Amino acid sequence: MKRVAEGRAAVFLLEIGTEEIPARMIPGALQDLASAVHDQAVAAGLAPADRFTREGNIETFATPRRLAVRVTGLRSRQADGAVEVTGPPARAAYDAEGRPTKAAVGFARAQGVALEDLRRIATPRGECVAVLRQVGGRPAREVLAEVIPPLVASLTFPKTMRWGSGEHRFVRPVHSVVALLDGEVVDLALAGVRAGRDTFGHRFAGKPRVPLQDPGAYLEALRANHVLADIGERRRVIAEGLRSAARAAGARLATPLGAAPRDAGDIDADLLEEVTHLVEWPLVIAGEFEAPFLDLPREILVTAMRHHQKYFALVDRSGGLLNRFLAVANCESDRAGAIRKGNEWVLRARLADARFFWEDDRRTPLGGRVAGLERVAFHEKLGSYAAKVRRQARLAEAIHPAFAAAGEAVDAQVVARAAALCKNDLTTLMVKEFPELEGIVGGLYARADGLPERLADAIYGHYLPRGTDDPVPASAEAAVLGLADRLDTQAGFFLLGVVPTGSRDPYALRRSVQGACRILIEKGVSLSLPRCLDLALEGYGGGARAALLDFYRARQQHLGESVPLRPDSVQAALAASADDPHDARLRMAALDAMRSEPGFEALVLAHKRIKNILQGQPEGTFDPKRLVEGAEKDLHRALEETHRGIEAAGRRDPLGSLRAIARLAPFLDRFFAEVMVMAEDRSLRENRLALLRSIAGLFLRVGDFSEIILAGDPAATARERRKG
Amino acid sequence: MPINFQQLILGLQEFWARQGAMIQQPYDVEMGAGTMHPDTFLRVLGPEPWRAAYCAPSRRPVDGRYGQNPFRLYRHYQFQVVLKPSPDDVQDLYLGSLRAFGIDPQEHDIRFEEDNWESPTLGAAGVGWQVLMDGMEISQFTYFQQAGGLELNPISAEITYGSERIAMFLSGAASVYDLAWSQGLTYGDVRLEEEVEFSKHNFEAADIERQQRLFHEYEAEGHRLLAGGLVLPAYDYALRCSHTFNVLEARGAISATERTGFIQRVRRLAVGCAKEHLKRRETLGFPLLDKAGRSRGEP
C-alpha cells in the first residue's frame, strides 16, 4: 500500500451519488455538509484551526444526482500528542510508608511504564496515580473513515425517506460513494454503500462508471461525461445560453411578474437558480407557441411558462410578450428537435387548458360567485372564505380612514365593494389551476366583467407584497384590503395557537406580518396596532392579543434591521413603543440618522446621567416656583422651549425632536455642574428630580436611550458577538 | 413511432410481466386512484414481497368537463406498477419501460422532479418525483413511507403512468378525444358519452340526500363487516365511501368545515381495514415470505 507522503497537505474528495435530490434542498445540504466537514476536520486534528477555513479549504459541488465536497490542506495524519491515563486512587496505590502497592505495580505494568513514571494527579474522585503516554497521531484515512459516516448521517433535510429494505434514511436513495484521500480510497460506507473511486456520468450521455485517479481529476472526469458538477459554472453556462438564445430571437428575457422595473432585462434569478439544480448538463431550447394565445392575459401566459413549465418568457424591444419561450433541458443536444417539439406541445396543452378555464369562468361574473365561497375552506377550524370575507370587510371599513388621514386617496365605496369581491376568484377554475395567481385572476375577471378600473385594481393588487422583493400595492384600496386580509388571517391563526417558531411557519405568518408592516410604513399610514388587532380578534370572538403584538414587534425589528438600521437604534425605538409601525419606523430612522450628528454622544450621556439619578427615586410633583438656582431656572426655560419646538415639529419629525432635545445639552451640563440635585431639602430635591423626569419623558417620545450602545462601550462588542 | 392507446397499455403490461410483475386486472369498485386497488394499498403493508402491474380506471368526479376540455377527464386510465421492496435499479427499470412504447430516452429530456404524495383518506404518504419528458409530466414515482397509518418496512416503489397523456404526447393529438384507441376507433368513440353523462350526474343530477344516505350506509356496513372479521369486503365499502364523498364534493354538497370530517371517516374505515389485514397476514405466517425464500433457493 502506498503511504500518503508525510508533511504534504492532503486533499480529500467525498461524493454521495443519489437518485434525484429536490432542487430546493441542494444549496442547504451543501452548506451543512461543508460546515460539518470543516468542523470535524479541525476537531479531529486533521487541520490546523488557524489556517483552515470553510471558504478557503472546502469546495462544494452538486448536481441533482450528487452532493460533493473537496477539502484541501489536510494533514495526512493527526498531530502527535500526549494522553494522560488515570489509574487507581493514590491512597490505594501507595501504603502508609509511601511504597507502591500491588495496585500501582499492576497499573504500571498494564500501561507498560516503570513505577518511577507514575505521577500523582488531582481528579474529581480525589488524588490518583496517572501516566502520561505519548501517542502517535493516526493516519487521516483512518480518522476520516470514522468521522465521515456519522457526519453524513446527521445532515438534515426538509424531508427524508427510506427505500428498499428500509434500513437507511437519506434525502433520496444512495447509490454510490466516492471517498478519496489523494489517490487512495477511504474505507467507509454511507447508507450501506461502500466507498470507492468510481463516480458516474450523465444518465444518458455519460458512462455509468467513471474511475477517478485522485480528487483533482473530479471536475474534468465528470465534464468528459457530460456532467458540470460546479454549480457556479453551470449557472453561468445557462445564463449565457439564455442571453444568446434571446438575442438570436431578437428578443429580451421577460421581467418576472411583480418585479421592480429596475430589474428589467435581467434574468429571473429565482428561476435560474431552480433550473441550475435540475440539470447536470444544461441545454437551452428555444420554442414557440401559437400567436392567438397572446390574447390571454400576460399574467396567465407567464405563469404557465414560468411556474408550471420553468420556461423563461421572452419580450420584444418595447416589452411586449412574444409567443416564444426558452426551456433548459438536461441533455447534450436536440438533434431530432424532439425536445423542442415536445415542450411546445406541452405548453400548447397548458395554454389551451387556460383558455378553456378563461372562457368557462367568464360565464359566471365575478359578482355572481359569492355563494361558492361558503364551500371554500379558509382553514378547517376557522371556517369558510365566505366568513373570512365578512370579517375582513368590517376590518377594511374600520382602517381605511387611517389611510385617508395619511393623505392616500381612498374611495370608501371601492374599498367596500372590493372587500366583498376580492376572494371570489377562489371559486374559478383558473385559480384552481394557477393558485399563485389568487387575487390577480380576480382583478383580471373584474376588468373583463367591465367593473370600474379602480375596483379591479384593488382586487388585483391586494395580495401584494407577496414576497420580500415585491412592492406594496400602488392602489390605496388594495393596500387597505391587503392589510385587512392579513390582520384577519393573523388573528385567526394566533387564536388557534399557530405561532411561528424557528423554521416552522406553515402559514407564512412572518411574511404576513411583515407585509402588513410594510404597507403601513411605505404608505406612511399611522394607526394603533393594539386597536386593529383587537378588532380583528373580535371577528373570531377571542383573545391572543399579547402574543400577536409581540410577534409584530419582532417583525418590525427584523424589517428595521434589514433597511439596514443599527440594531440598537431599532431596539431603542421599539422599546419606547411598537404600537404604530409607521411611527416606530420614523423614530428608528431618526435615531439612526442622529448618530452621525455631533450632538448625539452628549445626548446619550445626558440620558444616562438622568437615568442614573432617577433610578429608585420616588415620583414627585414639579412646581416652577420652587426653582431657586439660576442654572435650574435656565434649564426649565430651555425645556419649555424644546417642548414647544417638538410640538411644532409634530410626530412626523422625530429627528427634529431629537435635535431639539440635543440643544438642551449645554443647559443640562450647567445644571449638573452648578445644582445639587440630591439636596438636603426634600422639596427642592423632589422638584429637581421631577424636572429631570420630564426631560427623560422627552427622550422616551422617540426612543428608549438605554438601548443605545456607543462605540467603544464594552457592551457593544459583547452584543455584536451574541448576535453573530 | 405513433402508437395507439391500447398498444401503450399492452406494451406496459408486457414489459412489467417480463420484470416478474403479476399482471392484475382493474378492480371493479369505483376508485379515485390506482393506489386504492387492494393489490397496492393492502399489499404494501407488512414484510411480504410483491410485484404487480395493472391498468387502473380512476374516477375523479370534480375533474369532469362534459367532454369539452381536450385534456381533462372524469375518468382516466392510470397504469399502475407496485414493486416491493423497491429494487435498487428501479429508476433504470422505469426508463427501460419507456422504451417498451417507443421512447428513446437518448432523444428526449427526461427528468425526475420532486413531487411527494399524500392521501389523507388512506393514511398514506410517500416521497418521490413527477417524471417529466420534454417538459410533460408522464409519470408519478413514489416510495411509499406510510400506508393505513402504518410505517412501512420494506418500502414499496409505486409507478403510475398517465396513459392518456403519454399516448397523446406520442401521437401529437390535440384533444384526448382524437387519440387513436385501437385501429379505427378513437378515444372519443369509446368514451365521450360516458364523460358527458357522468359530468351531468356528478355536477347536476346526483341526488344529494340519497348520496349522503349511501355514504352513511356504506360506512356503517364497512365497520360492521370489519368487526366481523371480513376485511376485504369491508375495504370495498371504504372504497364506496370514498367515491360517494367525491361525488358529493363535485355536487357542491360538502361545506368547507364538513370536508375534513368526511375524510376522517373514510380514513378510519380504511385504516381499520389495513390494520386488520396486516394482522390476518401475520396469523397466516406471511405466506409470501416463504415463497420468496424458496424461489431464491433458500431452505
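Everything below is about the structure shown above.
Caption draft 1: Quick peek at the overall build of chain A. What chain A contains, in helices and strands, is 27 helices and 20 strands. Over its C-alpha atoms chain A spans a radius of gyration of 35 Å, topping by over 25% the 27 Å that the globule rule assigns to 724 residues. In terms of its C-alpha atoms, chain A occupies a principal-axis envelope of roughly 90 × 90 × 45 Å. By the burial criterion, 51% of the 724 residues in chain A qualify as buried. Pairs at least 24 apart in sequence give 69% of the contacts found in chain A among residues at least 6 apart. On chain A, roughly 32400 Å² of surface is accessible, and the fraction owed to carbon and sulfur atoms is 51%. Averaging the locations of the 100 positively and 95 negatively charged side chains of chain A gives two centres separated by 3 Å.

Caption draft 2: Spatial organisation of the nonpolar core. Of all hydrophobic cores here, the largest spans 132 residues; its most connected members are A:F12, A:L74, A:I148, B:W16, B:Y94 and B:Y161. Looking at this core element by element, the count peaks at eight residues for helix α7 (residues 231-250) of chain B. Residue contributions to this core reach at least three from each of two domains, namely domain 1 (9-78 + 139-223) and domain 3 (231-353) of chain A. Among the nonpolar cores identified, the runner-up in size contains 90 residues, and A:V302, A:L455, A:A458 and A:I521 belong to it.

Caption draft 3: Representation of the packing of aromatic side chains within the structure. Under the criterion given, the structure shown has 37 aromatic pairs over all chains. Through successive ring pairs, a cluster of aromatic residues spans B:F79, B:Y94, B:F101, B:F112, B:W129, B:F141, B:Y143 and B:Y161. Here the guanidinium or amino end of A:K388 rests over the ring plane of A:F378, the centre of that ring lying 4.7 Å away. Here the basic side chain of B:R240 rests over the ring of B:Y237, its NZ or CZ set 4.8 Å away from the ring centre.

Caption draft 4: Inspection of the pattern of salt bridges at higher detail. One pass over the structure, following the stated rule, counts 63 salt bridges over all chains. Two residues, A:R162 and B:E151, come together in a salt bridge whose shortest N-O distance is 3.1 Å. You can see A:R162 sitting in strand β7 (residues 161-162) and its partner B:E151 sitting in strand β8 (residues 150-151), one on each of two chains. Look at A:R162 and you get buried, because its relative accessible area is 9%. For B:E151, a relative accessible area of 51% corresponds to the exposed category. Put simply, A:E274, A:K310, B:D109, B:R111 and B:E113 are held in one network by salt bridges that share partners.

Caption draft 5: Just the sheet that holds strand β16 (residues 282-288) of chain A, in detail. All names here are of chain A. Strand order in the open sheet made by the four strands is β15-β17-β18-β16, with antiparallel pairing throughout. With one partner strand each, in any of the chains shown, β15 (252-253) and β16 form the two edges of the open sheet. Pairing of β15 with strand β17 (residues 312-315) involves two bridges; the strand directions are antiparallel. Each bridged residue has a counterpart across the sheet, and for L253 the counterpart in β17 is L314. The sheet contacts of helix α7 (residues 231-248) involve β15, β16, β17 and β18 (321-330), and relative to β16 the element is tilted by about 25°.

Conventions adopted
- Residues numbered from 1 in each chain as written.
- Chains lettered and ligands numbered in written order.
- Predicted model: local features only at pLDDT ≥ 70, side-chain atom pairs only at ≥ 80, totals over all residues.
- Heavy atoms only, no water.
- Helix = DSSP H or I, 4+ residues; strand = E, 2+ residues; numbered from the N terminus.
- Rg over C-alpha atoms; globule rule 2.2 N^0.38 Å.
- Buried < 20%, exposed > 50% of the residue type's maximum accessible area, 1.4 Å probe, protein only.
- Contact = heavy atoms within 4.5 Å.
- Areas by Shrake-Rupley, 256 points an atom, 1.4 Å probe, with all protein chains shown as cover.
- Lys, Arg positive; Asp, Glu negative; His and termini not counted.
- Charge placed at Lys NZ, Arg CZ, Asp CG, Glu CD.
- Core = buried A, V, L, I, M, F, W, Y, C linked by side-chain atoms within 4.5 Å.
- Domains from an automatic or database assignment.
- Phe/Tyr/Trp six-rings, centres within 6.5 Å; stacked < 30°, edge-to-face > 60°.
- Lys NZ or Arg CZ within 6 Å of the ring centre and 35° of its normal.
- Salt bridge = Lys/Arg side-chain N within 4 Å of Asp/Glu carboxyl O.
- Pairing = 2+ DSSP bridges.
- Axes fitted to C-alpha atoms, helices over the stretch in contact; angles between N-to-C directions.

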